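Breakdown of the fold
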Amino acid sequence: MDQSGDETFFDKSGIDEIPLITKCTDSCVVLVGTTGTGKTSTLNIYTGNDLKVGEGAQSVTGTTVSVEDKIHVGGPKWIDNPGWSDSEGRSDNLVFKDLLRHMQVNHCYNVKAVVWCIMPTPRMDANLQAQAKFIDMFTPDDEKTAENEAGQIWNNVVIICKGKINPDLSADVQGAVMASKQNSVHAEPLSIRYEFAAPEILEGTTEKLRKESLRMLTPGEIRSELEVLFSKLPVPVPVVFANQKCISCGQEGDPRLMTDTCHRNKKTGHTGSLTQRFSRPEVGAAMGFGAVGTVALSIAAAASATPLVLIALPLVLAPGLTLGGHRFLNTASDGASPCGGFKITDMRWSCCNAPELSPGGCSELCDLCGAVWGSSAKPCVMINHPDINMQKEMDGYGVHVKKHDLVHIE
């Protein structure tokens, strides 16, 4: 769509005939974008609310909130959340997960518009690429359906550019449009640009210069132009929340809401500990048998007045001496020798009674932390490279790039 020659998107037939956005009780308008690009100010202007706004590049919106549209009665809710790319704020990844979780909890399943607030950026920088990737995640492809849902959200994206640098609108939003096409080649987001007109601008310039050349608008003018732009959008796009499970780390729910942590790789091993092959009661019983046998043979030898009976003494003592000696010398393969460099390596695993040095194992485990594979024990690796703000919150995690191993659950 060629947007360079269409600055205001006014309907030539007159403002009074402009339809407002679809009145769906469960639909919503989602605000996203870099901190300081006027997200909350835009919400206030369009909906008549009075949420706190900031003056600088530090986010004022601390949590995800949804508000009713007080001006367009019956219109979609508007959802505001902390800005992205805030070096002093939270991780963009966590902010997006909070946004999705808020939509899920509040049953906002149909997105009328994603309002993407940016600064004039002709080039596609890393921030725009990351933000476009998050926007694209609103509508991943659902493997259960024949239709390809991936990229559908871009039909309902509106780019709001705060300010004007280049003569043409298309140049100021070019970076964001290029980032959107990286995710969906058919992406054609609508766009608009403006600044909030200061009192001195209103007094010192003509209306034509202010609105067309400077693009400095009053709240009423901004609202009117947004109404025209929203009227061009198709029906709301459904955001579907899946119910899946990672068989590697046990997390359940929508994959977009899962933490980016998991277990590393699967191996076979044992969940028990190494124990002696012969237990203390077994050794004690064998020793006791030998003691009783020794006494019995001694009595027999005395009664028969011949020492030949004592020839059986080694046979009586052998079981106890063998088991006791085995237990004394038996040590783990990596353990120190208990007696002058000589030892036996015949320890057994308590979980399955298999020999220590037998190949394989009786359980599937994580090769890094040793937790049972698929258990909900604390995951041990990050599976995506964390952004700068997430790195500040990390404690003892390494990065092992992989995907959650997902299966559908009922």
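It should be noted that the structure appears before, not after, this text.
Not measured: the values here are computed from a predicted model.

Below, the discussion takes up the overall build of the protein. Secondary structure summary: the protein contains eleven helices and 18 strands in total. Taking 410 residues into account, the globule formula puts the C-alpha radius of gyration at 22 Å, and the protein, at 36 Å, lies well above it. Considering only C-alpha atoms, the protein reaches an extent of 135 × 40 × 35 Å along its principal axes. With 410 residues in all, the protein has 42% of them scored as buried. Sequence separation of 24 or more characterises 66% of the internal contacts of the protein that already satisfy a separation of 6 or more. Accessible surface, the protein: about 20,800 Å² in total, of which carbon and sulfur atoms supply 56%. Charge-centre separation for the protein: the mean point of 37 positive side chains lies 7 Å from the mean point of 48 negative side chains.

Counted under the stated rule, the structure contains nine aromatic pairs. Within the aromatic cluster, the residues linked to one another by ring pairs are Trp84, Phe96, Phe134 and Phe138.

Take the environment of Arg90 next. Tracing the chain through its elements places Arg90 in the loop between β3 (77–80) and α2 (92–105). Relative accessible area serves as the criterion here: at 36%, Arg90 is assigned to the partly exposed category. Linking Arg90 and Met390, residues 300 residues apart in sequence, is a C-alpha distance of 7.1 Å. Sequence-distant contacts of Arg90, that is, excluding residues within four places in its chain, are made with Val95, Asp98 and Asn389.

Moving on to empty space enclosed by the protein. Inspection of the entire model under this criterion finds one cavity of 30 Å³ or more. In this structure, the largest cavity spans a volume of roughly 30 Å³. Along the walls of the largest cavity sit Thr37, Gly38, Thr42, Ile160, Lys162, Tyr194, Glu195 and Phe196, which together make up its complete lining. Only β5 (157–162) and β6 (190–196) provide two or more residues apiece to the lining of the largest cavity. For the lining of the largest cavity, the leading source of residues is β6, giving three residues. Of the residues in the lining of the largest cavity, the class split is three nonpolar, three polar and two charged.

Okay, the packing of helix α9 (residues 280–304) against helix α10 (residues 313–329) next. Relative placement of two packed helices is described by the angle separating their axes and the distance separating the axes. Contact geometry of α9 with α10 gives a least axis separation of 8 Å together with a crossing angle of 155 degrees. In this view, α9 runs roughly antiparallel relative to α10, as classed from their interaxial angle. Relative to α10, α9 is oriented so that their crossing is left-handed. Where α9 approaches α10, its residues Arg280, Glu282, Val283, Ala286, Met287, Phe289, Gly290, Gly293, Thr294 and Leu297 are matched on the opposing element by Leu313, Val316, Leu317, Pro319, Gly320, Leu321, Leu323, Gly324 and Arg327. The residue inventory of the contact of α9 with α10, partitioned by class, reads eleven nonpolar, five polar and three charged.

Formed by 35 residues in total, the largest nonpolar core has its most connected members in Val30, Met103, Trp116, Ile135 and Phe138. Broken down by secondary-structure element, the contributors of at least two residues to this core are β1 (27–33), α2, β4 (110–118), α3 (126–136), β5 and α5 (174–183). The contact partners of Phe138, leaving out residues within four places of it in the chain, are Val30, Phe96, Leu99, Leu100, Met103, Val114, Ile153, Val239 and Arg256. Within the second largest apolar cluster, 21 residues are counted, among which are Trp78, Tyr194, Ile222 and Leu226.

Attention shifts here to the side chain of Asp92. Tracing the backbone through its elements, the reader meets Asp92 in helix α2. Setting aside anything within four residues of it in sequence, one finds Asp92 in contact with Trp84, Ser85, Asp86, Phe134 and Asp387.

On to the sheet that holds strand β10 (residues 252–253). The sheet built from three strands is open, its strands ordered β10-β9-β18 with antiparallel pairing. Strands at the two margins of the open sheet, each flanked by one partner only, are β10 and β18 (406–408). Bridge count for strand β9 (residues 244–246) against β10 is two bridges, and the pairing is antiparallel. The residue of β10 that forms the bridge with Gln244 is Gly253.

This brings us to the pattern of salt bridges. Tallying each qualifying case throughout the model produces 14 salt bridges. Here Asp367 ties to Arg264 by a salt bridge, and the two come within 3.2 Å at their closest N and O atoms. Note that Asp367 is positioned in the loop between β15 (363–366) and β16 (381–382) and Arg264 in the loop between β11 (261–262) and β12 (266–269), a separation of 103 residues in sequence. Residue Glu364 is joined to Lys266 by a salt bridge in which the shortest nitrogen-to-oxygen separation is 3.8 Å. Remark: Lys266 occurs in strand β12 and Glu364 occurs in strand β15; sequence separation between them is 98 residues. Residue classification places Lys266 among the partly exposed positions, given a relative accessible area of 48%. A network of salt bridges, in which partner residues are shared, links Arg277, Asp346 and Arg348.

Scoring rules and cut-offs
- Residues numbered from 1 in each chain as written.
- Predicted model: local features only at pLDDT ≥ 70, side-chain atom pairs only at ≥ 80, totals over all residues.
- Heavy atoms only, no water.
- Helix = DSSP H or I, 4+ residues; strand = E, 2+ residues; numbered from the N terminus.
- Rg over C-alpha atoms; globule rule 2.2 N^0.38 Å.
- Buried < 20%, exposed > 50% of the residue type's maximum accessible area, 1.4 Å probe, protein only.
- Contact = heavy atoms within 4.5 Å.
- Areas by Shrake-Rupley, 256 points an atom, 1.4 Å probe, with all protein chains shown as cover.
- Lys, Arg positive; Asp, Glu negative; His and termini not counted.
- Charge placed at Lys NZ, Arg CZ, Asp CG, Glu CD.
- Phe/Tyr/Trp six-rings, centres within 6.5 Å; stacked < 30°, edge-to-face > 60°.
- 1 Å grid on protein atoms, 1.4 Å probe; cavity = no way out; pocket = protein on both sides within 12 Å on 5 of 7 lines; lining within 4 Å.
- Points joined across faces, edges and corners; volume = space filled by probe spheres on them.
- Nonpolar A, V, L, I, M, F, W, Y, C, P; charged D, E, K, R; others polar.
- Axes fitted to C-alpha atoms, helices over the stretch in contact; angles between N-to-C directions.
- Parallel < 35°, antiparallel > 145°, perpendicular 65-115°, else oblique.
- Left-handed = near helix turned anticlockwise from the far one by under 90°.
- Core = buried A, V, L, I, M, F, W, Y, C linked by side-chain atoms within 4.5 Å.
- Pairing = 2+ DSSP bridges.
- Salt bridge = Lys/Arg side-chain N within 4 Å of Asp/Glu carboxyl O.

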